[in-house]
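# Summary of structural features
These are the residues of each chain, in order.
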Amino acid sequence: MSRTSAVNAPPGVAAPPRVIAATVLGTVLEWYDFAIYGALATMIGKLFFPSDDPTTSLLIALASYAVGFVCRPIGSIVLGRFGDRAGRRNMLAITMVVVGGSSLLIGLLPTYASIGLLAPVLLVLLRMIQGLAVGAEWTGGATYLIEYARTGRRGLFGGVVQASTVVGFLSGTGVATLVIRTDQEWAWRVPFLLGGLVAAIGLFVRLKLDESPAYLRVQAEEEVPPGRTRKNWLLLFGIVFGITLYGYTATSWPAFLAGVTELPLPDALLTNVIALAVEVPLIVLAGWLSDRVGRRPLMIGAAAVFTVGTYPMFLLATGGTMAGALVGQLLFVITFAALCGPMAALFVEMFPTRVRSSAFSSSYNIAVALFGGTAPFVNTFLATRTGSHVAPAYYLTVGAVVSLVLLATVRDRHREELD
């Protein structure tokens, strides 16, 4: 598709396969990198943050995991604005280079045993640089792909984007499971080096993309409804509070279960891989269903289930048995699929095209930085300090209630054209 044909394209054309592939590759890579870091937190803690107390090493490693989220708001503001001014395609090329390059360099880092304190300093620095790009990767990819989709299909494509995050988590956790089961000291490097390879492929694909039709159509327009943008920015921020707690808890189950229960890490990783594999098609299904019944009914229903069901899910998952861990996680991800499947489409539809990239990215990523990136650390801290494995359930339930209340006030625009 040429630039001219894209400008003249009708609203909501079918997304070409290369557009879907380019979006999915970047999102998979982003969450693959965060998944392997989270899943290998115990090993990374010993190699880069050695301590006589294994729990202390784990907490410090998880804190460095959270540090990567500190820069997300900065990246979301800078790169999100760049996406509104210079185009979605150009922004997505930058994020691919930074996310993949950081992953490659982490895989090449010497450990504490080789260079001392410089090792953890460089690790944290690379996590922060990576966080800058991550601040615009998922939101930018979701915006780009959903702007291609016609009305009545945006939920489906949003579900595909969201499912690709779980594919990234699944891939990262699966690779980490293999790494954990090897006895090779260098094996932890392999997942990060693979991330660099995936980034090279993704960049090649993204450089061949055209700009989204919706973005090209509004270039001559000047007016943006500021009142709606400000209101929805705050609304999205509040909704993401609960959603991100559950999302990052789902992907940090292995480190949490191995760190605070007696379940061996290989078993914790395996149960997480199975749960994530089940979640992927359910997310796409929820996105597709939201095109027919609306985004709000599915998301409100899931938030309500979490409000009353988080505690029993934690009871099952943290019982110390592999079967309980698997059942608890399955209930968790099945409910989360209904919550996050329609999410990308709902959030994209909340903002006008001209400011969508910056508004969506900044609101979403500030909330994720504050609540999502810290969730694994807070969950582990609450469980270890209170002596109760289910203590994090109370924190998550508060988030579910907040999201539930705010979702009830959102306007459902699944049948309307993007403006």
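Conventions and cut-offs
- Residues numbered from 1 in each chain as written.
- Predicted model: local features only at pLDDT ≥ 70, side-chain atom pairs only at ≥ 80, totals over all residues.
- Heavy atoms only, no water.
- Helix = DSSP H or I, 4+ residues; strand = E, 2+ residues; numbered from the N terminus.
- Rg over C-alpha atoms; globule rule 2.2 N^0.38 Å.
- Buried < 20%, exposed > 50% of the residue type's maximum accessible area, 1.4 Å probe, protein only.
- Contact = heavy atoms within 4.5 Å.
- Lys, Arg positive; Asp, Glu negative; His and termini not counted.
- Charge placed at Lys NZ, Arg CZ, Asp CG, Glu CD.
- 1 Å grid on protein atoms, 1.4 Å probe; cavity = no way out; pocket = protein on both sides within 12 Å on 5 of 7 lines; lining within 4 Å.
- Points joined across faces, edges and corners; volume = space filled by probe spheres on them.
- Salt bridge = Lys/Arg side-chain N within 4 Å of Asp/Glu carboxyl O.
- Axes fitted to C-alpha atoms, helices over the stretch in contact; angles between N-to-C directions.
- Parallel < 35°, antiparallel > 145°, perpendicular 65-115°, else oblique.
- Nonpolar A, V, L, I, M, F, W, Y, C, P; charged D, E, K, R; others polar.
- Expected span 1.5 Å × (residues − 1).
- Phe/Tyr/Trp six-rings, centres within 6.5 Å; stacked < 30°, edge-to-face > 60°.
- Polar contact = N/O pair within 3.5 Å; in protein donor to acceptor, adjacent residues only side chain to side chain.
- Core = buried A, V, L, I, M, F, W, Y, C linked by side-chain atoms within 4.5 Å.

What follows concerns the overall build of the protein. Counting its regular elements, the protein contains 20 helices and zero strands. Taken over C-alpha atoms, the radius of gyration comes to 20 Å for the protein, in line with the 22 Å a tight globule of 419 residues would show. Its C-alpha atoms give the protein principal-axis dimensions of roughly 65 × 45 × 35 Å. The buried share of the protein, taken over its 419 residues, is 58%. Considering only contacts within the protein whose residues lie at least 6 apart along the sequence, 87% involve residues at least 24 apart. Across the protein, the 29 positively charged side chains and the 23 negatively charged ones have centroids separated by 6 Å.

A full pass over the atoms with the stated rule returns three cavities of 30 Å³ or more. Contributing to the lining of the largest cavity are 18 residues, with Gln162, Thr165, Phe169, Gly247 and Phe336 lying nearest its centre. Elements supplying a minimum of two residues to the lining of the largest cavity: helix 9 (154-180), helix 12 (226-251) and helix 14 (265-293). With seven residues, helix 12 is the single largest residue contributor to the lining of the largest cavity.

The next thing to look at is the environment of Leu404. Take Leu404: it is sitting in helix 20 (residues 391-407). Sequence spacing of Leu404 and Leu245 is 159 residues, and the spatial spacing of their C-alpha atoms is 13 Å. Once you skip the residues sitting within four places of it in the chain, Leu404 turns out to touch Ile300, Ala303, Ala304 and Thr307.

Further remarks concern the pattern of salt bridges. Summed over the entire model, instances satisfying the criterion amount to ten salt bridges. Two residues, Asp210 and Arg18, come together in a salt bridge whose shortest N-O distance is 3.2 Å. In this pair, Asp210 sits in the loop between helix 10 (189-206) and helix 11 (213-217) while Arg18 sits in helix 2 (residues 17-39), placing the two residues 192 residues apart along the sequence. Given the relative accessible area of 33%, Arg18 is considered partly exposed. Asp84 is the partner of Arg88 in a salt bridge, and the nearest nitrogen-oxygen pair spans 2.8 Å. No difference in accessibility class separates Arg88 from Asp84, as the two residues are buried. Here the residues in one salt-bridge network are Asp84, Arg88, Glu147 and Arg356, joined through shared partners.

Put simply, helix 5 (residues 72-86) and helix 18 (residues 353-372) touch, their axes get as near as 8 Å, and they point 170° apart. The angle between helix 5 and helix 18 places the two elements in the roughly antiparallel class. Residues belonging to the contact of helix 5 with helix 18 are distributed by class as follows: eight nonpolar, nine polar and five charged.

Let us look at helix 9. For helix 9, which comprises 27 residues, the first-to-last C-alpha distance of 39 Å matches the rise-based estimate of 39 Å (1.5 Å per residue) to within 8%. Of all 27 residues that make up helix 9, 20 are buried, and the element is covered over most of its length.

Attention shifts here to the packing of aromatic side chains. Remark: the centre distance and the inter-plane angle together describe each pair of aromatic rings, the angle taken between the planes. For the coordinates displayed, the defined rule picks out 21 aromatic pairs. Ring plane angle 45° and centroid distance 4.9 Å describe the contact between Trp253 and Phe314, whose orientation is recorded as tilted. With Trp253 in helix 13 (residues 253-260) and Phe314 in helix 15 (residues 295-317), this residue pair connects regions lying 61 residues apart in the sequence. The pair Trp253 / Phe314 is uniform in exposure class, with both members buried. The interplanar angle of 45° and the centroid separation of 5.8 Å between the aromatic rings of Tyr311 and Tyr394 together place this pair among those described as tilted.

Bringing helix 18 into the picture now. An α-helical turn contains 3.6 residues, so any two residues separated by three or four positions project in the same direction. In a regular helix each residue adds 1.5 Å, so 20 residues correspond to 28 Å; helix 18 covers 26 Å between its end C-alpha atoms and thus fits that length. Counting buried positions along helix 18 yields 17 of 20 residues, so the element is predominantly enclosed.

In this section: the environment of Thr310. Looking at the element boundaries, Thr310 is found in helix 15. Ignoring sequence-local partners within four residues, the contact set of Thr310 consists of Tyr246, Val305, Ala393, Leu396 and Thr397. Within the structure, the side chain of Thr310 is placed 2.6 Å from the side chain of Tyr246, a separation counted as a polar contact.

With that settled, consider the side chain of Arg206. On the secondary structure map, Arg206 appears in helix 10. The buried category is assigned to Arg206, whose relative accessible area is 1%. In terms of polar contacts, Arg206 uses its side chain to reach the side chain of Glu137, at 2.6 Å. Excluding its chain neighbours within four sequence positions, the residues that come into contact with Arg206 are Ala22, Thr23, Gly26, Thr27, Arg89, Leu92, Ala93, Thr95, Met96 and Glu137.

Counting residues in each nonpolar core, the largest one holds 107 residues, and the members touching the most others are Phe48, Phe332, Leu339, Phe347, Phe360 and Tyr364. Here this core takes twelve residues from helix 8 (residues 118-148), the largest share from any one element. The contact partners of Tyr364, leaving out residues within four places of it in the chain, are Arg72, Trp138, Thr139, Leu236, Val240, Met343 and Phe347.

So, on to the environment of Ala142. By the secondary structure assignment, Ala142 is in helix 8. Residue Ala142 is classed as buried on the basis of its relative accessible area, which comes to 0%. Taking the C-alpha atoms as reference, Ala142 lies 8.3 Å from Phe157; in sequence the two are 15 residues apart. Contact partners of Ala142, with chain neighbours within four places excluded, come to Thr23, Val161, Ala344, Val348 and Phe360.

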